[in-house]
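So you can see what is in the structure, the chains are spelled out below.
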Amino acid sequence: MKVLIIGGVAGGASAAARLRRLDEKAEIIIFERGEYISYANCGLPYFIGGEIKNQAALLLQTPQSFKARFNIDVRVKNDVVEIDSKSKTITVRDLSDGSEYIESYDKLVLSPGAEPVKPPIPGINSDKVFTLRNIPDTIKIKSYIENSHPKTAVITGGGYIGVEMAENLKKAGLDVTVIELADHLIGALDFDMAADVHSYIAESGIKLLLNSGVKEITEKDEGLDIAVSTASGDKTIGADMLIMSVGVRPDTALAKKAKITANAHGSIITDSHMKTSIPDIYAVGDAIEVNNFITGKSAFIPLAGPANKQGRIAADNICGIESEYNGTQGSSVLKLFDMTIGTTGINESSAKNSGLAYDKTYIYSGSHAGYYPGAKNMSIKVIWDKDSKKLLGAQIVGFDGVDKRMDVLATAIRFEAKITDLTTLELCYAPPFGSAKDPVNMAGYVAENVISRKVKQFFWHDVAKLPRDGSVTLLDVRTVAEFENGHIGGFINIPVDVLRSKLDQISKDKPVFVHCHSGLRSYIACRILSGNGYDCYNLAGGWRLYANIEKTLKSSGINKIEDYPCYSCR
C-alpha cells in the first residue's frame, strides 16, 4: 500500500506516524510546501517573546528524524499542485528548482491546514505588517524586532494568537495596542467573562480598543500610521509594526480544484471516518468541517488536539480499523502573563443563537484552600440545558488551577454529564492544590440550588431594568466598608451578619433582589429571607462581575450598562 500525505504539522504528521505503527510495509510519503514538517505552532509567540530561547525547540520532527524512526519519506519544499483522482496521481512541484513530477497513490490524506486571513485593507502588504502562522512568519517577526528595534506595535484581532502576541511583544519591550472589532477579546468567552481579561490586560500595560477596526495602513519612513474606526469616532495610531491576527481560513484551493466537496466557507467535508467525497482520499486538521459536539451543527474549529486525533483516525481507517471522529467541543486554554483563560463546549452567545433552552450561573472560588498561602480566586461560568440538565459549556478566568478545573469540565461534557453530576465528583484534595469542596463541585452545587429552586437568580444585564420606585427591595448584603467603596444605585445596605435582626426593615410584600461581592453571602441572605417568607432573588456573579462589566463598558465609551445591547435585550 502506498499512502501520500499532503501537509505535515499536526494532522498529517500524526497520520503518518500512526500509519507506520500499523503497517510496517506501507510506502508513506509526506509532501510539505514549506521548510518544516512538524513544528509546535502553538509555541511560536513564546519564541518571539523570548520565553522559548532556542528555535530548534519548536521542531517536533525533521525529515531526517521521520526517516530514521518511522521510515517515512518526507519531502519539504515540495508543493502538490494537482490531484487527479481518476488516475490516482498527484503532480508535485519541487520548489528548489521548479521542476514537476508525478506520484501515484493507493490512499491520499489531505492536511493542508489553514492560512491567515488578510482583509483587503489599503497598505496591508507593507513590510511592517506581519501575520503569524508558521516558523518562517516567526523568524520574520523575530528578525524585524532584533534588527529594526521597534518600540511600538499594534495587533489587530483579539483572539488567542492576538492576545498571546500582545503578551510576548510586551515582554520583548514594546508598547502594545490591541484593536478588536468585537465588544470583547477571545471569541470563545462571553462578554461578561471577558471583562476580567480586559481589566487584567489593561493593568499589564497593554492598551485595548474594543468595537474598533483598522481601515487603512500608511507606511512612513519611521513606521506606520494606522487609521482606526472606533466606537467614538475615527482616529490614527502610530506604530512601528502591526500584527494582523483576525483569524484563519481553510487552505483548500487544491482540494476544490480536485472537485472534492467543500462547504460554503471552503472547509472540506468528510464523514466520521475522515473520508472525503472522493474514494480513497481522506482529510484532517484545520482544513475540514467538523461537527460541534454540543450542537451537532457543522463548524470550523481549528485546534491542534482535534487535528492530531483526526490524523490517527484517518490512519486507522486506511488500515482497516473501524475508528470514528465524533465531534469537536472546542476545549482550549490561554496564558496571558500570570492569568489563565479556559473554555470548553459552547458559550452563552452560541447557546442563544442555536435556540437552546439553557440556564447559567457563576461562581468565584479559590484555587486552593483559603488558609494555605497563595490562593487566588477564579471566575467560573457554567451553562446547562434546562430540560436534560446536560452540561453545555464552561468558561474559567483566573490564575493557578484554572487548567485542571477546565480539563475536568471538558471531560464531563465529553461524557455527557449533567450539571448536577459535578456535585458527585471525587477530586483530589490537599490544601496546596484545592479545597474539600472543589470549585468544580461548587459549580455543581450552585446549579443544583438553582434547578431545585432553592435560589432564584437575576443577572448583571437585569440590574438596570429593576424598578427604583419602591415596588421591590434592592438589598446589598456586603459590609458597610464594601458598600461605601462602591455600590449599585438604588440598593440599600444591610450586611448579611445582621440581616436577621433587621428583617423588620424589609417588607414581605415586595420581591427582594440581593447581591454581595461574589454571590455567596447573598445566597445565604436569600436562604434567610426565604426561610422567613420573603420572595428573594440572588445576583449571579455578584458585585465584582457587575463592576468589571461596567468598567469594560466605560472604557469602550458606554457609560451605562443599560445602554449595552445585552443578551436579554437583543
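Further up the page is the structure itself.
In this report, we go over the structure that sits alongside the text. Remember, it's a predicted structure, so these values are computed and weren't measured experimentally. Starting afresh in each chain, residues are numbered from 1 along the sequence in its written order. Side-chain atom pairs in this predicted model are given and counted only at pLDDT of 80 or more, local residue features only at pLDDT of at least 70, and totals for whole chains, interfaces and linings cover all residues. Only hydrogens and water are set aside when side-chain values are computed; all heavy atoms of the structure are taken into account.

### Remarks on the overall build of the protein chain
As a reminder, the rule being used: Elements are defined by DSSP. Helices are runs of H or I of four residues or more, strands are runs of E of two residues or more, and each kind is numbered from the N terminus. Here the globule rule reads 2.2 Å times residues to the power 0.38, and the radius of gyration is calculated from C-alpha atoms. Burial here depends on accessible area, computed with a 1.4 Å probe over protein chains only, as a share of the maximum for the residue type. Under 20% is buried, over 50% is exposed, and the range in between is partly exposed. The contact criterion used is simple: two residues touch if any of their non-hydrogen atoms lie within 4.5 Å.
Within the protein chain, the regular secondary structure consists of 14 helices and 32 strands. Taken over the C-alpha trace, the protein chain has a radius of gyration of 27 Å; the compact-globule value for 570 residues is 25 Å, and the two agree within 12%. Taken across its 570 residues, the protein chain has 53% of its residues classed as buried. Across the protein chain, contacts joining residues at least 24 apart in sequence account for 62% of those joining residues at least 6 apart.

### What about the nonpolar core?
Cut-off, in case you're wondering: We define the nonpolar core as a collection of buried residues of types Ala, Val, Leu, Ile, Met, Phe, Trp, Tyr and Cys that are connected through side-chain atoms lying within 4.5 Å of one another.
Formed by 58 residues in total, the largest nonpolar core has its most connected members in Leu 169, Val 197, Met 241, Leu 336 and Ile 341. Top contributing element to this core by residue count: helix α6 (residues 191-203), with seven residues. Once residues within four sequence positions are removed from consideration, Met 241 is found in contact with Lys 128, Phe 130, Ile 141, Tyr 144, Ile 145, Pro 150, Thr 152, Ala 153, Val 154, Leu 174 and Leu 224.

### Some remarks on the side chain of Thr 252
On the secondary structure map, Thr 252 appears in the loop between β19 (248-250) and α7 (253-257). With sequence-adjacent residues up to four places away left out, Thr 252 is seen in contact with Gly 266, Ile 268 and Ala 287.

### With respect to the pairing of strand β13 (residues 175-179)
A regular strand carries its side chains on alternate faces of the sheet. Note the following rule: A pair of strands counts as paired when DSSP detects no fewer than two bridges linking them. We call a crossover right-handed when, viewed with both strands directed away from the observer, the connection leading from the first strand over the helix to the second proceeds clockwise.
Counting buried residues along β13, four of its five residues qualify, which places the element largely inside the surrounding structure. Bridge count between strand β12 (residues 152-156) and β13: five bridges; the pairing is parallel. From the neighbouring strand, Val 154 faces β13, where its bridge partner is Thr 177. Running through helix α5 (residues 160-171), the crossover from β12 to the neighbouring parallel element β13 is right-handed. Bridge count between β13 and strand β14 (residues 207-209): three bridges; the pairing is parallel. Note that in β14 the partner of Ile 179 across the bridge is Leu 209. Remark: the β13/α6/β14 crossover connection has right-handed handedness.

### A short note on the layout of surface pockets
Note the cut-off: Each cavity reported here is a set of points on a 1 Å grid over the protein atoms alone in which a 1.4 Å probe fits but cannot get out, each pocket an open set with protein on both sides within 12 Å along at least five of seven lines, and each lining residue one with an atom within 4 Å of a point. Grid points are joined across faces, edges and corners, and a volume is the space filled by probe spheres set on the points. Each residue gets one of three labels, nonpolar for Ala, Val, Leu, Ile, Met, Phe, Trp, Tyr, Cys and Pro, charged for Asp, Glu, Lys and Arg, and polar for the others, Gly among them.
Approximately 590 Å³ is the volume found for the second largest pocket. Every residue lining the second largest pocket is counted, 26 residues in all, and those nearest its centre are Tyr 364, Ser 365, Met 442, Val 446 and Leu 520. Going through the elements one at a time, β25 (358-366), α11 (439-451) and α13 (520-531) are the ones with two or more residues in the lining of the second largest pocket. Class assignment for the residues of the lining of the second largest pocket results in 12 nonpolar, 12 polar and two charged.

### So, unusual backbone geometry
Positive phi, normally seen in glycine, also occurs at Lys 88, with a value near 55°. Residue placement: Lys 88 occurs in the loop between β6 (78-84) and β7 (89-94). Its identity is not glycine, yet Lys 389 carries a phi of approximately 70°, on the positive side. Look at Lys 389 and you get partly exposed, because its relative accessible area is 23%.

### What to know about the pattern of salt bridges
To keep it simple, the criterion reads: Between Lys or Arg on one side and Asp or Glu on the other, a salt bridge is scored when a side-chain nitrogen of the former is within 4 Å of a carboxyl oxygen of the latter.
Tallied over the full model, the rule gives 29 salt bridges. Residue Arg 93 pairs with Glu 100 through a salt bridge whose shortest N-O separation is 2.6 Å. For Glu 100, a relative accessible area of 44% translates into the label partly exposed. Across the pair Glu 348 and Lys 360 runs a salt bridge, and its minimum N-O distance is 3.0 Å. Here Lys 360 lies in strand β25 and Glu 348 lies in helix α9 (residues 348-353), a separation of 12 residues in the sequence. You'll find Glu 348 and Lys 360 in the same group, each marked buried. When salt bridges with common partners are traced through the structure, they connect Asp 190, Asp 192, Glu 348, Lys 360 and Lys 381 into a single cluster.

### Remarks on empty space enclosed by the protein
Under the definition given, this model contains two cavities of 30 Å³ or more. Volume-wise, the largest cavity comes out at about 60 Å³. In this structure, the largest cavity is lined by Gly 285, Asp 286, Ile 288, Val 290, Phe 300, Ile 301, Pro 302, Leu 303, Pro 306, Ala 307 and Gln 310. Sort the elements by how many residues they give to the lining of the largest cavity and helix α8 (residues 304-318) lands first, with three residues. Of the residues assigned to the lining of the largest cavity, the class counts are eight nonpolar, two polar and one charged. The volume enclosed by the second largest cavity comes to roughly 30 Å³. In terms of lining residues, the second largest cavity is bounded by Tyr 362, Ile 363, Tyr 364, Ser 379, Ser 518, Gly 541, Arg 544 and Leu 545. Of all the elements in the fold, those that place two or more residues in the lining of the second largest cavity are β25 and α14 (542-555). Tallying contributions element by element places β25 first for the lining of the second largest cavity, with three residues. Of the residues that constitute the lining of the second largest cavity, the class distribution is four nonpolar, three polar and one charged.

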